[in-house]
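Residues per chain are reported as follows:
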Amino acid sequence: MPPPHRLCHSVQVRSVAASAPAPARVLRIGASRPSPSGLSTSTRAVAGRMGAAAEAALLPCQLDSYLRECDAEVLGCEPLAGAGSGGSREAGKKKGKKGKGGADGGSGSNVTGVPVARFAVTLSKSCLYPEGGGQPADHGDVVTSDPGAPTVAARVCDVQTRAEDGATIHYVDEALPVGAAVRVRLDWGRRFDLMQQHTAQHAFSGLIERRLGLETVSWELGRETVAVDFKPADTAVSNTDDFGLDAAAAAAIEEGVNAAIREAREVRSFAITAATPPSEYPAAMRVSDEGGSRPAFDMSTLDFVARPVLRLVEVDGVDFGPCGGTHVSSLAELQCALCVGLERNRGAVRLRFVAGGRALRQAAARLTREASLCKSFSCAPEDLPERAEVALLQKRELTKDVKTLQVELAEALGSKLGAEAADDSLRLCALHSSSAAMASAQFLGAVASGATKACEEATVVLTASNSPDSKEGLVLIAGPVAAVAAAAAAAAPLVDARGGGKKGRWQGKAARLTEQTAAGALAAARAALASAA
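Throughout what follows, the structure given in this document is the object of discussion. Along each chain, the written sequence defines residue order, and numbers are assigned to residues from 1. At least 70 in pLDDT is required for a residue's local features to be given in this predicted model, at least 80 for side-chain atom pairs to be given and counted, and no such filter applies to totals for whole chains, interfaces and linings, which use all residues. Values shown for side chains rest on all heavy atoms present in the structure; no hydrogens or waters enter the calculation.

Structural notes on the nonpolar core
Quick reminder of the rule: Buried Ala, Val, Leu, Ile, Met, Phe, Trp, Tyr and Cys residues that are joined via side-chain atoms within 4.5 Å together make up what is termed a nonpolar core. Whether a residue is buried, partly exposed or exposed follows from its accessible area with a 1.4 Å probe, protein chains only, as a fraction of its type maximum: under 20%, in between, or over 50%, in that order. The helix and strand labels rest on DSSP assignments: H or I over at least four residues marks a helix, E over at least two residues marks a strand, and numbering proceeds from the N terminus. Contacts between residues were defined by any pair of non-hydrogen atoms, one from each residue, lying within 4.5 Å.
Core analysis: the biggest nonpolar cluster contains 58 residues, and L123, V184, F204, L245 and V257 have the highest contact counts within it. The biggest single contributor to this core is helix α4 (residues 188-212), with eight residues. Excluding its chain neighbours within four sequence positions, the residues that come into contact with L245 are I208, L212, L214, F230, A250, L342 and V349. Ranked by size, the runner-up nonpolar core spans 20 residues in total, among them L413, F443, L444 and L476.

Listed below in structure tokens is the structure:
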């Protein structure tokens, strides 16, 4: 039976037949070249076996991942429920998901300029891919093209498949007139990036399955990286930490994927139905791979009732299985792939990688950072690890020295304040600092302890701002219980401090702490102690 990653890509089924593609593109399945008739040879072969109805069940982008534009008619346009009060959605974001959603329904975009969908539109045809099978939805534009009518341009923020009837719903930021002729235009930069990452996922999953016997249990095509979780296909395998997918194995898999990229392995798509004779099934469904590490496709898993049209994707010699997403036609279009992370995740091993443009950008960013570090450390790239280790060791030693000096400084300041309190009629002493090094509860506590140790009757008022330019900071008052309560009640409001305490110690955070307000707080504390004396 195919591993889970080959079953998780749903094939979208439409109720509307596909019309002809834009003149600049041809409908195709796989990487076949266009024929004089306008359809690729593989598309004509599939159409002949499937029939028009079965072919129409596939999305145009599933027939041709490179289709960038198409003409269509607006079949419906409905305002989103609650649009203007949280019912709309931003491009690339969905209401209800953590950290996402939110909209400014008063216009077609929010305050950051991100398009906000306010209408749900159905079209007679679309070249955009609805979210599904782990692949995010396409973005694009829908522009009216009726001669003599005002032009309306709507930004497509999201595309989803309606569960009830399988219709493709486009979430747009502007209303479109029902019945209008429109031009649907794909955000090709986004689509091509998704095609690169999705195809790379097939390559990584396929090689890891063949070499390590690990199945893909889940995957996520994120904005920055692609994350794939792997577990052993054989449940009898012991639950080791990495199932053999350690750093060395990941590097070998990365090299294997890049070798397949250099070899320009072909990526082909097929579509079969219940009417397709088994003799016409793709060869990969009937025989194992050359090395014999993968058995023939399990025919008993085919369910044409639940899935009338089965779309299959093959990466030559690397991967094969059901998938409804969009892919490049050759691994050469990935350019390169990089593993960027390896970790444990809920009993699985998670591999993170990037491919294509993402990989090139990350590699360029790494080289830029490397050059900057080489300049800072005055060394060659190969010497960076050693220099960094030395720097970290020095930092740890310096941190220890700083802590030792802070303790000594706190004790010295505490002793000095205690001596001042002993000479004060109210046994009051105070200190204000604008040094970030002193603006910690631990340091102020040590100073207070030193002062009360030197003079048991001392009431200590300590204030420390986070920096000379900051009005935020800490307040600590320590001493006899009654004196602390009186001093805190009088001083805290003058520096806008909120806090509390017990057993002769009060501390809090101040929002209006300056040298002047600290002096005012001390004066108020002195007055309160004098009044209580």
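Now that the structure has been shown, we can carry on.
A short note on the side chain of Q135
Rule in force here: We call two N or O atoms a polar contact when they sit within 3.5 Å, provided that within protein one can donate a hydrogen and the other can accept it, with sequence-adjacent residues counted only if both atoms are side-chain atoms.
Residue position: Q135 is located in the loop between β4 (119-123) and β5 (140-144). Only 2.6 Å separates the side chain of Q135 from the side chain of H198, close enough to count as a polar contact. At 2.8 Å, the side chain of Q135 and the side chain of T326 are in polar contact.

Overview of unusual backbone geometry
One non-glycine residue, R346, lies in the positive phi region at around 50 degrees. Inspection of the secondary structure puts R346 in the loop between β14 (337-345) and β15 (348-355). The class for R346 is exposed, based on a relative accessible area of 81%. For S378, which is not a glycine, the phi torsion comes out positive at approximately 55 degrees. Structurally, S378 is set in the loop between α6 (357-377) and α7 (384-423).

Describing the side chain of E314
Tracing the sequence through the fold places E314 in strand β12 (residues 310-315). On the basis of relative accessible area, E314 is assigned to the buried category, the value being 13%. Those residues in contact with E314 that sit more than four places away from it in its chain are E266, V267, R268, F270, A284, D319 and F320.

Description of the sheet that holds strand β9 (residues 214-221)
What counts, and what does not: We treat two strands as partners when DSSP finds at least two bridges between them. Fitted lines through C-alpha atoms serve as axes, helices being fitted only where they are in contact, and the angles separating the N-to-C directions of these axes extend from 0 to 180 degrees.
Ordered by their spatial adjacency, four strands build an open sheet running β9-β10-β15-β14, and the pairing between neighbours is antiparallel. The two strands at the open ends of the sheet, each matched to only one other strand, are β9 and β14. Taken pair by pair, the neighbouring strands of this sheet meet at an average axis angle of 25 degrees, ignoring direction. Pairing geometry for β14 and β15, over eight bridges, is antiparallel. The residue bridging N345 from the neighbouring strand is A348, located in β15. Contacting β14 and β15, helix α5 (residues 247-262) runs over the sheet at an angle of about 145 degrees to β14.

Considering the packing of aromatic side chains
Under the convention used in this document: Stacked, edge-to-face and tilted labels apply to pairs of Phe, Tyr and Trp rings (six-membered ring for Trp) whose centres lie within 6.5 Å, assigned for plane angles under 30 degrees, over 60, and everything in between, in that order.
Per the counting criterion, the structure on display carries three aromatic pairs. Taken together, a centroid distance of 5.9 Å and an interplanar angle of 40 degrees make the contact between Y66 and W188 tilted. Taken together, the positions of Y66 in the loop between α3 (60-63) and β1 (69-79) and W188 in helix α4 put the pair 122 residues apart, joining distant regions of the chain. Classification of Y66 as buried rests on a relative accessible area of 9%. Note on F204 and F353: the rings are 4.3 Å apart at their centroids and 20 degrees apart in plane angle, and the pair reads as stacked. Of this pair, F204 sits in helix α4 while F353 sits in strand β15, and the two are 149 residues apart along the sequence.

Some details on a negative patch on the surface
Under the convention used in this document: Distance thresholds for patches are 9 Å for like charges and 5 Å for nonpolar side chains (Val, Leu, Ile, Met, Phe, Trp, Tyr), applied to residues having over 30% relative accessible area and no salt bridge. Per-residue and other accessible areas follow the Shrake-Rupley method at a 1.4 Å probe size, with only the shown protein chains counted as cover for residues. The rule for a salt bridge is simple: a side-chain nitrogen of Lys or Arg has to be within 4 Å of a carboxyl oxygen of Asp or Glu. As used throughout, the charge tally considers Lys and Arg to be positive and Asp and Glu to be negative, leaving His and the chain termini uncounted. Each charge is placed at NZ for Lys, CZ for Arg, CG for Asp and CD for Glu.
Together, E370, E382, D383 and E386 line one region of the surface with negative charge. Relative to the assigned elements, E382 resides in the loop between α6 and α7. A relative accessible area of 62% means that E382 is categorised as exposed.

A few points about the packing of helix α9 (residues 481-491) against helix α10 (residues 515-532)
As a reminder of what qualifies: Angles are sorted into four bins: roughly parallel if under 35 degrees, roughly antiparallel if over 145, roughly perpendicular if 65 to 115, and oblique for all others. Here is the rule for handedness: rotate from the far helix to the near one, and if that takes an anticlockwise turn smaller than a right angle the crossing is left-handed, while a clockwise turn gives right-handed. Under the scheme applied, nonpolar residues are Ala, Val, Leu, Ile, Met, Phe, Trp, Tyr, Cys and Pro; charged residues are Asp, Glu, Lys and Arg; polar residues are all the others, including Gly.
Following both chains from N to C, one finds α9 and α10 inclined at 135 degrees, their axes separated by 8 Å at the closest point. Looking at the two axes, α9 sits oblique to α10. Judged by the twist between their axes, the crossing of α9 over α10 is right-handed. Residues A483, A486, A487, A490 and A491 of α9 form the contact with α10, whose own contacting residues are A521, A524, A525, A528 and L529. Of the residues contributing to the contact of α9 with α10, the split by class is ten nonpolar, no polar and no charged.

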